[in-house]
Amino acid sequence: MFRRARPEPQTDPRLDPYRRAAARVLDGEEVVGVLVIRVVTWWTLEGPFWRRRWVDARELPEWILFPVGLTPLPDTDDGVIPAEGLDEELRDWSTGVFALRGRLLGLDWLDHEEADALHRKHGWADG
């Protein structure tokens, strides 16, 4: 079967600080989790099944949250920030805020070495 190539996305420079980022997640002063972020490419598949093609390539941030500490957070949680919510999420992240199910948590961004170690530890070293 012939596989159609997926188009390359335009690089979104707003995502550069988050391509391999990680942060401590804070509830007040207490560390309650670790947030690991990578940027991935998403496409839309369109057309009838005999003529499908990949379109609308775009970069979007994917995140995973690992709870730590005594304050109860949900089990490991993850998500992809949709294109329509990207501006608001980037604004929150740049001000050190992470919204999780109606709860506002703080972010303490880690340096490159610490973030890289967390990416390796949690299996996102190739991302």
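This one's a predicted model, so the numbers in the text were calculated from it and none came from an experiment.

Criteria and thresholds
- Residues numbered from 1 in each chain as written.
- Predicted model: local features only at pLDDT ≥ 70, side-chain atom pairs only at ≥ 80, totals over all residues.
- Heavy atoms only, no water.
- Core = buried A, V, L, I, M, F, W, Y, C linked by side-chain atoms within 4.5 Å.
- Buried < 20%, exposed > 50% of the residue type's maximum accessible area, 1.4 Å probe, protein only.
- Helix = DSSP H or I, 4+ residues; strand = E, 2+ residues; numbered from the N terminus.
- Contact = heavy atoms within 4.5 Å.
- Phe/Tyr/Trp six-rings, centres within 6.5 Å; stacked < 30°, edge-to-face > 60°.
- Salt bridge = Lys/Arg side-chain N within 4 Å of Asp/Glu carboxyl O.
- Arc of directions from axis to C-beta.
- pLDDT = per-residue confidence, 0-100.
- Pairing = 2+ DSSP bridges.

Engineer: Would you mind going over the nonpolar core with me for this structure?
Structural biologist: As a rule of thumb, soluble globular proteins bury nonpolar side chains together. Leu35, Trp63, Trp93 and Phe98 are the most contacted members of the largest nonpolar core, which totals 19 residues. Taken together, the elements giving at least two residues each to this core come down to strand 1 (20-27), strand 2 (30-46), strand 3 (53-67), helix 1 (86-94), strand 5 (97-100) and strand 6 (103-109). Sorting elements by how many residues they give to this core places strand 2 first, with four residues. Ignoring anything within four residues of it in the chain, the contact list for Trp93 reads Tyr18, Ile37, Pro61, Ile81, Phe98, Leu107 and Trp109.

Engineer: Hey, could you run me through the packing of aromatic side chains in this one?
Structural biologist: The relative placement of two aromatic rings is captured by the distance of their centres and the angle of their planes. Applying the stated criterion across every chain, the model contains four aromatic pairs. Both rings, one in Tyr18 and one in Trp109, keep their centres 5.4 Å apart while their planes meet at 55°; by these two values the pair is tilted. Of this pair, Tyr18 sits in the segment before strand 1 while Trp109 sits in strand 6, and the two are 91 residues apart along the sequence. Of the residues examined, Tyr18 reaches a relative accessible area of 8% and is grouped as buried.

Engineer: What is the right way to look at unusual backbone geometry in this model?
Structural biologist: The general pattern is negative phi for most residues beyond glycine and trans for most peptide bonds. Positive phi, normally seen in glycine, also occurs at Arg101, with a value near 50°. Along the chain, the position of Arg101 falls in the loop between strand 5 and strand 6. With relative accessibility at 63%, the residue Arg101 sits in the exposed group.

Engineer: Would you explain the pattern of salt bridges in this entry?
Structural biologist: Side chains that differ in sign of charge can pair as their charged atoms come close. Summed over all chains, the structure comprises 11 salt bridges. A salt bridge links Arg24 to Asp108; its shortest N-O distance comes to 3.0 Å. Here Asp108 lies in strand 6 and Arg24 lies in strand 1, a separation of 84 residues in the sequence. On the basis of relative accessibility, which here comes to 29%, the residue Arg24 falls in the partly exposed class. Sharing partners across several salt bridges, the network here consists of Asp12, Arg14 and Asp87.

Engineer: For this particular structure, what's the right way to read helix 1?
Structural biologist: Each α-helix turn comprises 3.6 residues. Residues three or four places apart therefore point the same way. Of the residues making up helix 1, those classed as buried are Leu86, Glu89, Leu90, Asp92 and Trp93. All buried residues of helix 1 project into a common sector of 160° when viewed along the axis, lining one side. For helix 1, the exposed residues lying more than 90 degrees away from the buried face are Glu88, Arg91 and Ser94. Lining the buried residues of helix 1 we find strand 2, strand 3, strand 5 and strand 6.

Engineer: Can you help me understand the confidence of the model for the protein chain in this one?
Structural biologist: Should the pLDDT be low somewhere, the predicted coordinates at that spot are not to be read in detail. When pLDDT is averaged across the protein chain, the result is 86; 90% of the residues are at 70 or more. No element of the protein chain has a lower mean pLDDT than strand 3, which averages 87, and none a higher one than helix 1, which averages 96.

Engineer: What is the right way to look at the environment of Pro82 in this model?
Structural biologist: If you trace the backbone, Pro82 turns up in the loop between strand 4 (77-80) and helix 1. C-alpha of Pro82 to C-alpha of Leu60: the two residues are 22 residues apart in sequence and 6.9 Å apart in space.

Engineer: In this structure, what is going on with the pairing of strand 5? I would like to understand it.
Structural biologist: Consecutive residues of a regular strand have side chains that alternate between opposite faces of the sheet. Side-chain alternation along strand 5 places Phe98 and Leu100 on a buried face and Val97 and Ala99 on a face that remains uncovered. Bridge count for strand 5 against strand 6 is four bridges, and the pairing is antiparallel. Paired with Phe98 across the bridge in strand 6 is Leu105. Where strand 5 folds back onto strand 6 in an antiparallel hairpin, the turn is made up of two residues, including Arg101, whose phi is positive at roughly 50°.

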